[in-house]
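Here are the chains, one letter per residue:
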Amino acid sequence: TQEMLLQTQKLEALGQMVGQVAHDFNNVLAAILGNHDLLRTRLYEPEQLTCLDRGTRAANRGVALVRQLLAFARKAELSPVVVDVAQLVRAMEDMVLLTVGRQVRCQFELASDLWAVIADPVRLEAVLLNLAANARDAMPDGGTMTVTLRNLPAAAAPVELPAGDYVVIAVADTGGGMTSDVCARAIEPFFTTKPRGKGTGLGLASAHEFARQSGGTLRIDTAPGAGTTITLCLKRAQVEPDQNVTFKEHDDRRLH
Ligand code: ADP
């Protein structure tokens, strides 16, 4: 029975990991398909279009596979490292713009001299893309999404946070907001109000899990008709001032 328990735990862990990877692939595939659509409006050669269609079909097969894998889903192991979060956000601006589409205005408000954080940069990117996708879905008729980054010194941090310095990442939209019922269930895995095939109900669940595993928090401020702000507080990294850390170096900067 000890053996069986171990086996179950292993399967559970595997399922969670696969689910997370599948979820992230969803965003990658969405970016590929989005670019295919752009390209399709610019290509006229039948031969080029045939190649593009083949690529699109392959990506769509990927989407179908990912959907099956998502049947498992939960959380994944993180590889936390020192991340220059300002640089990470700047580097993904294009992808965010592509995710939200043209009808949504995007504002990036990055305070200067932002601290580095300790987080898994791949997960952090995926979380931010998820939040951007949620903001887009909340504003089908357009609106504004604002991504704000600022330092939160220990002295100013709310009491519910464990003592220490944090960096705040907030994604705000001017969409329809959530009712208190939806808000109460929003971080529940697989809870979604979106049509089948559109929502997975894993975006906020994995964002919340990511924040928790990174020693931080996720907060939802929302009201019907008043838009939504998702606020992540991530632990500040204690780095020597002369260490020039960037998120690209994360592979050789593992903390453990
Ligand atoms: P999904 O987006 O796949 O539905 P999420 O876990 O990201 O899964 O979100 C769960 C639910 O929370 C959504 O279906 C939606 O009802 C609500 N929600 C999330 N983000 C927002 C937002 N920015 N504005 C309004 N509602 C939101």
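You'll find the structure just up there.
The structure presented is a predicted model; accordingly, all values stated were derived computationally and were not measured. (Residues numbered from 1 in each chain as written. Predicted model: local features only at pLDDT ≥ 70, side-chain atom pairs only at ≥ 80, totals over all residues.)

**Examining the site of the ligand**
Lining the immediate environment of the ligand, one finds 22 residues, of which Asn134, Ala138, Thr192, Gly199 and Gly203 sit closest. Those elements that place two or more of their residues in the shell around the ligand are α5 (121-138) and α7 (203-213). The dominant element in the shell around the ligand, judged by the number of residues it contributes, is α5, at 4 residues. Of the residues contributing to the shell around the ligand, the split by class is 9 nonpolar, 11 polar and 2 charged. (Near = placed C-beta within 6 Å. Helix = DSSP H or I, 4+ residues; strand = E, 2+ residues; numbered from the N terminus. Nonpolar A, V, L, I, M, F, W, Y, C, P; charged D, E, K, R; others polar.)

**A closer look at helix α4 (residues 93-100)**
Every buried residue belonging to α4 is among Val96, Thr99 and Val100, and all of these are buried. The arc that holds the buried residues of α4, viewed along the axis, is 85 degrees, so those residues lie on one side. Along its buried surface, α4 packs onto β2 (104-110), α5 and β4 (143-152). Looking one or two places after α4, you find Gly101, whose phi comes out positive at around 80 degrees. (Buried ≥ 20, exposed ≤ 12 C-beta atoms within 10 Å, placed from the backbone. Arc of directions from axis to C-beta. Contact = placed C-beta atoms within 7 Å.)

**With respect to the nonpolar core**
Val83, Val85, Val117, Ala132 and Val167 are the most contacted members of the largest nonpolar core, which totals 46 residues. Among the elements that make up this core, the one with the highest residue count is α5 (8 residues). Residues within four places of Ala132 in sequence aside, it is in contact with Val96, Thr99, Val100, Met145 and Val171. (Core = buried A, V, L, I, M, F, W, Y, C linked by C-beta atoms within 7 Å.)

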